[in-house]
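Reading the structure
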Amino acid sequence: MMRLNIFLNGSDKGGQVIAVGQTLSDVLEAASQKLNVTAKILYTAKGGQVDDVNLLRDDEVIYVSQGEDFIPPANNTKDQTYLSQPRENDVGWITLNVGGKLFATTRNTLTTKESDSMLSRMFSRDRAQLWNSTLDKNGAFLIDRSPVYFEPILNYLRHGRLVIDKSISPQGNF
C-alpha cells in the first residue's frame, strides 16, 4: 500500500498521512476527510499539479489545494544547525531534504533496521551518538545525496526489501 504525507497548500504544519486510493478522486476524498477541507487540486513539493494517481510516489509530500494555485509553505526561518537529539516525548516524524527532494519518515524507520548506519546514528536517541545536522529554511534535515538513490534506501529501511527502479544504476553511474 502506498501512502502520502499531505499538508494544506501553503503550510508545512499539521500534516496527515493517507493511503493512496485507486483514483485521483479517491485521494482527493481521503485528503478532504483528513484535513477537513474540500480538496480539489494536489501539488507536489515543487508545485507541480498532480493529475493522475499513477504519478504519486510512496511517502511523497503533497500539498492539498481547495482550488487555489500552489502556495509554497511559509518559511520564516533561515538554514540553521540543529542537534538531532529529540525531545523526550518526540513522536518521531522527520522531514529530510535529500538533494532538494523532501522525504517524510519516522525516527523509528531510520534507526531500527540498520542500527549501525549513518542515518541511524544521525537520528538515534542515544546521547553518545549526538549528531550536528543542518536544517533547510523549512526545518527539514539536509542530506547532500541524490534523491534518486536515497529513495530505494529509505524504502528498504521501511519494508526490508531493496527495490531499485530499472532506470537506476546500482553502481551509482548516471
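Right above here is the structure, for reference.
Residues numbered from 1 in each chain as written. Predicted model: local features only at pLDDT ≥ 70, side-chain atom pairs only at ≥ 80, totals over all residues. Heavy atoms only, no water.

1. A closer look at helix 4 (residues 147-159)
Taking 1.5 Å of rise per residue, 13 residues should cover 18 Å, and helix 4 covers 18 Å from first to last C-alpha, within 8% of that figure. Within the sequence span of helix 4, burial applies to Pro147, Phe150, Glu151, Pro152, Leu154, Asn155, Leu157 and Arg158. Structurally, helix 4 contributes buried residues whose contacts are with strand 1 (3-8), strand 7 (93-98), strand 8 (101-106), helix 2 (107-112) and helix 3 (118-122). (Helix = DSSP H or I, 4+ residues; strand = E, 2+ residues; numbered from the N terminus. Expected span 1.5 Å × (residues − 1). Buried < 20%, exposed > 50% of the residue type's maximum accessible area, 1.4 Å probe, protein only. Contact = heavy atoms within 4.5 Å.)

2. Brief notes about the sheet that holds strand 2 (residues 16-19)
As summarised here, the arrangement of the five strands in space is 2-1-5-3-4, forming an open sheet in which the pairing is mixed. For this open sheet the edge positions go to strand 2 and strand 4 (49-50), each flanked by a neighbour on one side alone. Here strand 3 (residues 41-44) pairs with strand 5 (residues 60-65) via four bridges, running antiparallel. What sits directly across from Leu42, in strand 5, is Val64. Running over the sheet, helix 1 (residues 24-35) touches strand 1, strand 2, strand 3, strand 4 and strand 5 and is turned about 150° from strand 2. (Pairing = 2+ DSSP bridges. Axes fitted to C-alpha atoms, helices over the stretch in contact; angles between N-to-C directions.)

3. A look at the nonpolar core
One recurring pattern in soluble globular proteins: nonpolar side chains tend to sit buried together. The biggest cluster of nonpolar side chains holds 16 residues, and the ones touching the most others in it are Leu4, Ile6, Val27, Leu42, Leu56, Ile62 and Val64. Listed by contribution, the elements that provide at least two residues to this core are strand 1, helix 1 and strand 5. If one sorts the elements of this core by residue count, helix 1 sits on top with four residues. The contacts of Leu4, once residues within four sequence positions are left out, are Gln16, Val17, Ile18, Val20, Val27, Leu56, Arg57, Glu60 and Ile62. Formed by 14 residues, the second largest nonpolar core is a distinct cluster that contains Ile94, Leu96, Met122 and Phe150. (Core = buried A, V, L, I, M, F, W, Y, C linked by side-chain atoms within 4.5 Å.)

4. Comments concerning the pattern of salt bridges
This structure, assessed with the given rule, holds five salt bridges. Here Glu151 ties to Arg57 by a salt bridge, and the two come within 2.6 Å at their closest N and O atoms. Pair noted here: Glu151 is in helix 4 and Arg57 is in the loop between strand 4 and strand 5, with a separation of 94 residues, a long-range link. The exposure class of Glu151 is buried, given its relative accessible area of 12%. Asp59 serves as the salt-bridge partner of Arg158, at 2.4 Å between the closest nitrogen and oxygen. Within this pair, whereas Arg158 is found in helix 4, its partner Asp59 is found in the loop between strand 4 and strand 5, the two being separated by 99 residues in sequence. Owing to a relative accessible area of 17%, Arg158 belongs among the buried residues under this scheme. (Salt bridge = Lys/Arg side-chain N within 4 Å of Asp/Glu carboxyl O.)

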